[in-house]
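# Residue-level structural notes
Below are the chains, spelled out letter by letter.
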Amino acid sequence: MVSMQDSRSNPNISYSQTPYHYYTPPPSSARITRSMGRSMRTVRSNLYKPREEMPNYTENLSDADIDLHLGELAKKLSSNSRSASSDIGEILEISGTFSDFSACSSDISGELQRLASLPDPGPVGGASPKPEPEPCTGFLERETFSTEIIESISPEDLQPTVKLCVDGLQSTSIAVQRSAAAKLRFLAKNRADNRVLIGESGAVPALIPLLRCSDAMTQEHAVTAILNLSLHDSNKGMITYAGAVKSLIYVLKTGTETSKQNAACALLSLALVEEYKLSIGAAGAIPPLVSLMINGTNRGKKDALTTLYKLCSVKLNKERAVCAGAVRPLVGLVGEQGTGLEEKALVVLSSLAGIEMGRDVIVEEGGIPALVEAIEEGSEKGKEFAVVTLLQLCLGSVRNRGLLVREGGIPPLVALSQNGTMKAKQKAEALLGYLREPRQEASSSSP
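Please read these numbers as outputs of a predicted model, since none were measured by experiment.

Rules used in this analysis
Residues numbered from 1 in each chain as written. Predicted model: local features only at pLDDT ≥ 70, side-chain atom pairs only at ≥ 80, totals over all residues. Heavy atoms only, no water. Salt bridge = Lys/Arg side-chain N within 4 Å of Asp/Glu carboxyl O. Helix = DSSP H or I, 4+ residues; strand = E, 2+ residues; numbered from the N terminus. Buried < 20%, exposed > 50% of the residue type's maximum accessible area, 1.4 Å probe, protein only. Axes fitted to C-alpha atoms, helices over the stretch in contact; angles between N-to-C directions. Parallel < 35°, antiparallel > 145°, perpendicular 65-115°, else oblique. Left-handed = near helix turned anticlockwise from the far one by under 90°. Contact = heavy atoms within 4.5 Å. Nonpolar A, V, L, I, M, F, W, Y, C, P; charged D, E, K, R; others polar. pLDDT = per-residue confidence, 0-100. Expected span 1.5 Å × (residues − 1). Bend = angle between axes of the 7 residues up to and from the residue. Phe/Tyr/Trp six-rings, centres within 6.5 Å; stacked < 30°, edge-to-face > 60°. Lys NZ or Arg CZ within 6 Å of the ring centre and 35° of its normal.

Bringing the pattern of salt bridges into the picture now. All told, the structure shown has eight salt bridges when counted by the stated rule. Here R299 makes a salt bridge to D303, at a shortest N to O gap of 3.2 Å. Pair noted here: R299 and D303 are both in helix α16 (residues 298-311), with a separation of four residues, about one helical turn. For D303, a relative accessible area of 0% corresponds to the buried category.

What follows is the structure in structure tokens.
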């Protein structure tokens, strides 16, 4: 179900543009309280004494050592009580506009299962090259082990691993960068406290260059890590001011399907801050979002529609969307019943009908017949949004009222005024009132 309810934007982040007051879902209030546990230094000292038995011990532990320590710590902490609250509530809050956005709001690509099944590329040209080092080797590949770490270990104890991964993002090795981005992506997936830790550890400026990486998987890990980090309010400003918006738009144009979807969701997350909507639109986000709406997978189209709706609460972005050719595919999606896209398309179309340019193009692209059909055959919410859009089109246009009458819109409007939702009944009755008054004049003045 689609909610149009207005909500609050983040008041703590300022932007040079004059703010516009439009719909913004509330930031998440979900918090996770966890036992901080022992520090990694304490664990190291307990695991590695006496020192004379390990003459080669050094404070700079190897990757395998860190992996071992984390596993041991996870086992010890697994019996501790875990927080009853979940970040799923935080993710769902972002979906105030579209009910199923939670499916794409945080790391939809399931990296654990896929990484476990990826084939070894093998040697090239008969040679047996030495494998490139990977930070925290084995950390992400073992699903059970990784889950224990994420759910049990406090941010304090994960800090050495996070630092190692942030350092890995700046490596000259693509393999090391890919691995580090994948691990940060997973660490930030579900836990708000990990998002804070990673954000404060300097990961954002190191991730942004990887959004333009020529390696598709590295780019995908980086954009999904940015998405996951953006779900925490304190990271939104950091991501925006670090220059991520233009790089996210680059991913929208060049990435894999999953990367494009997650880039759209990351822009949506940033657009929850009212002051960022204009800058995201000005950076050129709307044309590639329209392209994703036209050419993407079903999931990609939903993500594009969600983000377009959020951005188009600002008038200038409505104009950008109309100029980018959004209306024709939106009208087409309105008629695609059963895809889960029609209601979302109707919401965006209703938003664009809020400006004169949008209304004109909607009529030119055959919007009135499509909206009448939505009232006849759509869902309850779809009918509601369709009649709202028709009311916008006809409110100040005698010509459009005549077109609606000639299209046979009165019988379905009468039925809706009797059997629709409360809001749909009210809007249908209001529209019928407008149609009755100038009906004769409208019919004679219509082309």
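Bringing the environment of F385 into the picture now. Counting through the fold element by element, F385 comes out in helix α22 (residues 380-395). Relative accessible area serves as the criterion here: at 2%, F385 is assigned to the buried category. Put simply, F385 and A345 are 40 residues apart on the chain and 9.6 Å apart in space, counted from C-alpha to C-alpha.

It is at 9 Å that the axes of helix α12 (residues 244-254) and helix α15 (residues 286-295) come closest, and there the two elements cross at 30 degrees. Of the possible angle classes, the one that applies to α12 and α15 is roughly parallel. As for how α12 packs across α15, the hand of that crossing is left-handed. Between α12 and α15, the residues in contact are I249, L252 and K253 and P288, L289 and L292, respectively. The residue makeup of the contact of α12 with α15, split by class, is five nonpolar, no polar and one charged.

Moving on, we get to the packing of helix α18 (residues 327-334) against helix α19 (residues 342-352). Relative to each other, α18 and α19 sit at 140 degrees, their axes nearing to 8 Å. When the interaxial angle is binned, α18 and α19 end up oblique. Relative to α19, the crossing made by α18 is left-handed. Residues V327, L330, V331, L333 and V334 of α18 pack against E342, A345, L346, V348, L349 and L352 of α19. In terms of residue class, the contact of α18 with α19 is made up of ten nonpolar, no polar and one charged.

Let us look at the confidence of the model for the chain. A residue-level look at the chain finds 64% of positions with pLDDT of 70 or above and a mean pLDDT of 76. Confidence over residues 140-145 falls short of pLDDT 50; this stretch has 15 contacts with residues more than four positions distant or in other chains.

Looking now at helix α6 (residues 155-169). Across its 15 residues, α6 extends 19 Å between first and last C-alpha, which sits within 8% of the 21 Å expected from 1.5 Å per residue. The sharpest bend along α6 reaches about 30 degrees and sits at T161. Buried within α6 we find P155, D157, L158, T161, V162, C165, V166, G168 and L169.

As enumerated under the stated definition, the model contains one aromatic pair in all. A ring pair is formed by Y241 and Y276, whose centres lie 6.1 Å apart and whose planes are at 85 degrees; its orientation type is edge-to-face. Residue Y241 is found in helix α11 (residues 233-241), and its partner Y276 is found in helix α14 (residues 276-282); the two are separated by 35 residues along the sequence. Over the face of the ring belonging to Y250 we find R212, whose NZ or CZ atom lies 4.8 Å from the ring centre.

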